[in-house]
Structure formats: structure tokens, C-alpha cells
Amino acid sequence: MSDTSPALFEPLKQGLADIERNGLRRRRRIADSACAAHMTVDGREIIGFASNDYLGLAAHETLREALAEGAQKYGAGSGGSHLLGGHSRAHAKLEDDLAAFSGGFVDQPRALYFSTGYMANLATLTTLGAVGPSGGRDTLMFCDALNHASLIDGARLSRAQIRVYPHADAEALDALLEASANEGGTKIIVTDSVFSMDGDIAPLGSLLELAERHGAWLVVDDAHGFGVLGPQGRGALAEAASRSPHLVYVGTLGKAAGVSGAFVIAHETVIEWFVQRARPYIFTTASAPAVAHAVSASLQIIGSGEGDARRAHLATLIDSTRAMLKRTRWSPVDSHTAVQPLIIGGNEETLRLAAALDEYRMWVPAIRPPTVPAGTSRLRISLSAAHSHDDLAKLDNALQTLSNRL
Ligand SMILES: Cc1ncc(COP(=O)(O)O)c(C=O)c1O
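Rules used throughout
Residues numbered from 1 in each chain as written. Predicted model: local features only at pLDDT ≥ 70, side-chain atom pairs only at ≥ 80, totals over all residues. Heavy atoms only, no water. UniProt positions renumbered as here; feature names shortened; annotations may be inferred. Domains from an automatic or database assignment. Contact = heavy atoms within 4.5 Å. Buried area = accessible area lost by both parts, 1.4 Å probe. Salt bridge = Lys/Arg side-chain N within 4 Å of Asp/Glu carboxyl O. Polar contact = N/O pair within 3.5 Å; in protein donor to acceptor, adjacent residues only side chain to side chain. Helix = DSSP H or I, 4+ residues; strand = E, 2+ residues; numbered from the N terminus. Patch = residues over 30% accessible without salt bridge, like charges linked within 9 Å, V, L, I, M, F, W, Y side chains within 5 Å. Areas by Shrake-Rupley, 256 points an atom, 1.4 Å probe, with all protein chains shown as cover. Buried < 20%, exposed > 50% of the residue type's maximum accessible area, 1.4 Å probe, protein only. Phe/Tyr/Trp six-rings, centres within 6.5 Å; stacked < 30°, edge-to-face > 60°. Lys NZ or Arg CZ within 6 Å of the ring centre and 35° of its normal. Expected span 1.5 Å × (residues − 1). Arc of directions from axis to C-beta. Near = heavy atom within 4 Å. Nonpolar A, V, L, I, M, F, W, Y, C, P; charged D, E, K, R; others polar.

The protein has the name 8-amino-7-oxononanoate synthase in an unreviewed UniProt entry, where Caballeronia sordidicola is given as its organism. Listed in UniProt under the heading Function (unreviewed entry), the comment for the protein reads: "Catalyzes the decarboxylative condensation of pimeloyl-[acyl-carrier protein] and L-alanine to produce 8-amino-7-oxononanoate (AON), [acyl-carrier protein], and carbon dioxide." On record in UniProt, under Pathway (unreviewed entry), the comment for the protein is "Cofactor biosynthesis; biotin biosynthesis."

A.B. asks: Help me get a handle on the domain arrangement of the protein, residues and values and all.
C.D. replies: Each assigned domain of the protein is listed with its residue range as follows: domain 1 (28–59 + 305–405) and domain 2 (61–302). The centre of domain 1, based on its C-alpha atoms, is set 27 Å off from the matching centre of domain 2. The partner domain 2 presents 21 residues to the 24 residues of domain 1 that form the contact. In this assembly, domain 1 packs against domain 2 so that about 1,800 Å² is buried in total across both faces, 59% of it on carbon and sulfur atoms. Connecting domain 1 to domain 2 are one salt bridge. Between Arg378 and Asp198 there is a salt bridge, with its nearest N and O atoms 3.1 Å apart. Joining domain 1 to domain 2, the criterion identifies 11 residue pairs in polar contact (both at pLDDT 80 or more). Where the side of domain 1 that touches domain 2 is concerned, the elements lending two or more residues are helix H12 (305–326), strand S11 (339–345) and strand S14 (377–382).

A.B. asks: I'd like a description of a nonpolar patch on the surface, backed by residues and values.
C.D. replies: A surface patch of nonpolar side chains, about 300 Å² in accessible area, is lined by Leu8, Phe9 and Leu12. Tracing the sequence through the fold places Leu12 in helix H1 (residues 6–21). Of the residues examined, Leu12 reaches a relative accessible area of 55% and is grouped as exposed.

A.B. asks: How would you summarise the packing of aromatic side chains if you had to cite specific residues and measurements?
C.D. replies: Applying the stated criterion to the full structure yields five aromatic pairs. The rings of Phe101, Phe105, Phe226, Tyr249 and Phe263 are connected pair by pair, giving a single aromatic cluster. Lying across the ring of Trp363, Arg29 places its NZ or CZ 5.0 Å from the centre.

A.B. asks: Outline H12, listing residues and values.
C.D. replies: Each full turn of the α-helix corresponds to 3.6 residues, which orients residues three or four apart in the same direction. Helix length check: H12 (22 residues) gives 32 Å between terminal C-alpha atoms against 32 Å at 1.5 Å per residue, within 8%. Residues of H12 that are buried include every one of Gly307, Arg311, Leu314, Leu317, Ile318, Thr321, Arg322, Met324 and Leu325, and no others. Take H12 and look down its axis: the buried residues cluster within an arc of 155°, on one side only. Opposite its buried face, H12 presents the exposed residues Gly305 and Asp319, each directed more than 90 degrees away. Along its buried surface, H12 packs onto helix H11 (289–302), strand S10 (331–332), S11, S14 and helix H14 (389–405). Where H12 starts, the residue carrying a side-chain oxygen 3.1 Å from the main-chain nitrogen of Glu306 turns out to be Ser304.

A.B. asks: Explain the UniProt feature "binding site: substrate" (unreviewed entry) in the protein residue by residue, including any values.
C.D. replies: This chain's UniProt record puts "binding site: substrate" (unreviewed entry) on Arg26, His148 and Thr371. You can see His148 is positioned in the loop between strand S4 (140–144) and helix H5 (149–157). Contact partners of His148, with chain neighbours within four places excluded, come to Asp192, Ser196 and Asp221. As for its position among the elements, Thr371 is in the loop between strand S13 (366–367) and S14. Accessibility expressed as a relative area gives 40% for Thr371, which makes it partly exposed. What Thr371 contacts, discounting residues up to four positions off in sequence, is Arg26 and Met197.

A.B. asks: Which residues make up the site of the ligand, and what values go with them?
C.D. replies: The full set close to the ligand counts 13 residues, and Gly117, Tyr118, Asp221, His224 and Lys255 are the nearest of them. Here an oxygen atom of the ligand and a backbone polar atom of Gly117 are 2.7 Å apart. Coverage of the ligand by the protein chains reaches 80% of its 380 Å² of free accessible surface. Counted by class, the shell around the ligand contains two nonpolar, eight polar and three charged residues.

Below, the structure written as C-alpha cells:
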């Protein structure tokens, strides 16, 4: 017999009513076509500025073919977890490819492939400091105030003591590390490289200097930098940091790489520790080998002349967008990356603007709390090498009209 006790449902209904009243209700839209600049969503043709497909690879013919080829060779599913039968040749090859492509900043680099970035971050933060008899209870974790939710959740799930430092403030972090000089066991600094809702970049060089001076690990989540930043798109650390054993690098593969999954690169001892101990790696079914096969094909494109051409085109789109947003009456964030936020302020006003852009057949998501702090709700314009300057001209026209009207 089903239980429809009002007492059970009442708090949920109250919570949902609060979400609605505060302009925080999220609705999923349904894509009827592949992720691309021009796509069909909920049955209507739109220009999409919502994806993280920064290089425009998600619908690339070569990757579609690689996915199909991987499925022919390895089947539809992996059949098990990595430690119990599910680790395929495609996964092993991809890990070697990733370590060779982005591991230049660490000695004896080895890569570990995960099904998602969320899991890679949970694994990294719960496992890196969980050493010694206390199992990590004396680990200190120093986290940027604007870190991604998956890093926040990883820190919370670890047994470490968490110290939050003001956003991108290396001086404040230095003071916190100094104050804890005689405390704790393992120390870990944790940061996004490109902050996902602001588009700005962490001071990675300074953070690495602090990690080395204070004997800490530096965990960098390069979800929005891998494929886009650094020479050949090798990532933010390839651009910003010197070679160091203190670095633990997380990259994701569902954004610029256009497929899905994630990876950690670190010294081989760290990775072997993860294989033995990281619960989000061990206790889950390995992703389909075909996906890993497609990611290896994506790496080829990212590192090629075609990848360079896509990054160069993206850079021109970023410049145009920065100029465009300055002409509106709202507040752009000073971002030089493909994430171009326009801060509107209130939730309702942001939703109204997103709805008005939808009438122009533009999909620009409204980002509200708890993803961003209250009072800073924003449009997150996400650029892709698949966009043309004509697409931007249409967005410009819509934003200038609405800037005068709303
Ligand atoms: C900064 C950052 N880290 C990690 C993730 C999680 O990656 P994934 O989508 O592969 O789970 C995301 C977004 O999804 C992100 O923006």
C-alpha cells in the first residue's frame, strides 16, 4: 500500500513553494538535436549559449564515428567497476594519452579516468588527505570561496578541517597557511582554475608558490580550462605553473573535449593511492569503453592544428562579447574566457531577461542562488567555437534592445 501521509509530503511541498516564490525554480529544457550553436530545443530552433562545448566538438563527425567504432569494438557497457572486470583497453589507453597530453607539470605523471568530474573531485578531496592513523581528521583543506559545488561537497565529505579563503586572494591564503604552521597533518589548497560562474582565473602561479613554501598539495580543477587554455589546449597548469610534485590536476571531458568523464593527473604514487582508496572510483561501474575511445579521438583534435584554429576563433568571439556586454546597462564580469557572465542582480529580473531572450530564440541560462551569491543573479553566456560572429550580432541586437526596454 502506498504511503501518501500528508506529514511526509508537507515539508517537500513547503520547500517547493518557497523555491517558486523566490524565483528559484529550475526547469529542464529538452534538446531534440545534438549540442550545437544552432539546435532544436523543446521543438523550437534556437541559438544556444548554454553549453560548455567550448570547442564545438560535441557534434563533431570524427567523435561520432569514434563513439560508434568504440561501441562496435567494446560493446555498449563496461560490465563492471574498474577493479572488478570493467577496466578496458580503451580506458587504459585514454589514461596514457591524458598523462602524455597534460602531465608535463608533474614528475612521473599518471592519469586516472573517472565517469564524471563530480566524482573525480569527490575522489580527490576524500582520498588525498585521508592518510595516517586519523584517516584524515587532522588534514587541513584551504578552499577558495567560489569553488565549484563538487569541490565543496568533496571537502565536506572528507574528514578534513575546512578553511575558506576569500576568492582568488593569495595573500589571505598565505596568512591562513602561516597561522596553521604548527597545526594539522596534510595540507591541501583547493581551487577551480577558471571559475565556472564568473569566468575569471585563479592566481595559479602564486598558489603553487604557496603550496611549495607551506608543504601543501595544490588541487586544481581545470574543468573550464582543459582543451581551451595553454599550448595546444593542454590546460591551465601548462600555461601558468612550473613543474612541481605538489600539483594534483583535475580535468573534465564533457566540456571542451565534447564527450564526458574526467581525469586526475598527479605523481604516480598519488594515483596508485587513489586506485587503492578512492571510493568514488572503486565503487561504481566503469563508464562505457566507447566513451573513453571517443575521448582519445577528441584529444587528437584538441592538440591538432584544427584545435588551434578553434581556439583562435573562440578568442575572437570572446573579444566581441566583452565589447558587446559593456554596451548594455547591466554589469559584465571581467572575464577573458569562454564563460561571459552578465550580472543582473535580482532573480525575477534575471528570469525576465532570459525569457525575453528566449523570444528572440536565444538560450542564455539564468543563474541564481545557491549557484551564485544572493543579489548577483546573472545570465551566463557560454561561447563555443561553433558560434559565428553572426550569432553574436543577433545576441548583441537582442541585448541592446532589451537593455533599453526592460
Ligand atoms: C568547475 C567544475 N568542476 C567540476 C564539474 C563537474 O564535472 P562533470 O560535469 O563532468 O561532473 C563542473 C561542471 O559540471 C564544473 O563546472
